[in-house]
Amino acid sequence: MENQPLDSIRSEMSAVRRLSDRGHYDRATIDAILDAQMMCQIGFVWQGRPQVIPTLYGRDGNRVLFHGSALSRMLQAAEEGPEICFSVTILDALVLARSGFNHSANYRSVVLYGKPYRIEGDSAKTAALRLISEHFLPGRWDECRGPNANELKATTVLALDISEGAAKVRDYGVKDDPRDMDSDYWAGLLPLSMVAGEAQPSPDLKQGLQVPDSVKNAENRPFFGQKPQ
């Protein structure tokens, strides 16, 4: 199923209607956006009320993985309740038009729908947790202690197949009204990006411990959300 277009399984729910030209249903676009972000929002129903909770995730081929406490209402509702909505957004630029009405933003987003399922077994859960860790900071998993039996027992990992959904992308410049083109108002793009800062060691570290490679490799560099050139 890797790189299979989503067109053949696009549903009434996932079809992009408003500004439909921004809709994308191919796996290459969807996977690239999922791989360029690390924080998602999970929409679910809890005790009859809608909820949206942010959490870290990782993509494992044809599915996305996310985790939390075994007592988490989000994970309980996602597993036991109706389908969930999984969403990520990357903000690339502010689009500043000559008129306030035509201001916009360049962005890349993905919305997925489906019923998540539990990752069973300590080995599979550990592999899933490693994947999530390596997604947000490559190399970090091998630089820290792995989860013990009690921690694994207290953790639930859920997977959601990439089987229904869509990407929505805006990636062009200002679109002003013709009557505003000769005005004296400035228009253009203000690019946005996320850049890692300098690592801040915990004050209770043992003396002599150096910043590990995974952190050094990320310091002061563009981080998640960067659009490929």
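Let me begin by describing the structure that accompanies this report.

### As for a nonpolar patch on the surface
Taken together, Leu 91, Leu 94, Leu 190 and Leu 192 make up a surface patch of nonpolar side chains, about 300 Å² in accessible area. Along the chain, Leu 190 falls in strand β10 (residues 188-191). Classification of Leu 190 as partly exposed rests on a relative accessible area of 42%.

### So, the pattern of salt bridges
Taken as a whole and assessed by the stated rule, the structure comprises 13 salt bridges. Residue Arg 59 is joined to Asp 35 by a salt bridge in which the shortest nitrogen-to-oxygen separation is 2.8 Å. Placement of Arg 59 in strand β3 (residues 49-60) and of Asp 35 in helix α1 (residues 27-35) is noted, with a sequence separation of 24 residues between them. Overall, the relative accessible area of 33% leaves Asp 35 in the partly exposed class.

### Comments concerning the packing of aromatic side chains
Counted by the stated rule, this structure contains 2 aromatic pairs. Aromatic pair Tyr 57 and Phe 86: ring centres 5.3 Å apart, planes at 85 degrees, arrangement edge-to-face. Placement of Tyr 57 in strand β3 and of Phe 86 in strand β5 (residues 84-96) is noted, with a sequence separation of 29 residues between them. Both residues of the pair, Tyr 57 and Phe 86, count as buried. A ring pair is formed by Phe 66 and Phe 86, whose centres lie 6.4 Å apart and whose planes are at 40 degrees; its orientation type is tilted.

### Some points on the pairing of β5
Where strand β2 (residues 39-46) meets β5, 3 bridges bridge the pair, whose relative direction is antiparallel. Along β5, the bridge assignment pairs Ile 42 with Phe 86. Relative to strand β6 (residues 104-114), β5 runs antiparallel, the two sharing 11 bridges. Across the sheet, the residue bridging to Ile 90 is Arg 108, located in β6. Pairing geometry for β5 and β10, over 4 bridges, is antiparallel.

Calculation criteria
Here, residues in each chain are numbered from 1, in the same order as that chain's written sequence. Residues qualify for local features only when their pLDDT is at least 70, as the model is predicted, and side-chain atom pairs are given and counted only at 80 or more; totals for whole chains, interfaces and linings, by contrast, use all residues. Only heavy atoms go into the side-chain values, all of them from the structure, while hydrogens and water stay out. Surface patches are drawn from residues lacking salt bridges whose relative accessible area is over 30%; two like charges belong together within 9 Å, two nonpolar side chains (Val, Leu, Ile, Met, Phe, Trp, Tyr) within 5 Å. The accessible surface values rely on the Shrake-Rupley method and a 1.4 Å probe; as for residues, cover is taken only from the protein chains in view. Salt bridges are counted wherever a side-chain nitrogen of Lys or Arg sits within 4 Å of a carboxyl oxygen of Asp or Glu. Runs of H or I in DSSP of at least four residues are treated as helices and runs of E of at least two as strands, each being numbered from the N terminus. Each residue is placed in one exposure class: buried if its accessible area under a 1.4 Å probe, protein chains only, is under 20% of its type's maximum, exposed if it is over 50%, and partly exposed if it falls in between. Each Phe, Tyr or Trp ring, with Trp reduced to its six-membered ring, pairs with another whose centre is within 6.5 Å; inter-plane angles below 30 degrees give stacked pairs, above 60 give edge-to-face pairs, and intermediate values give tilted ones. Following DSSP output, two strands are said to pair if at least two bridges run between them.

All quantities given are derived from atomic positions and should not be read as evidence of function.
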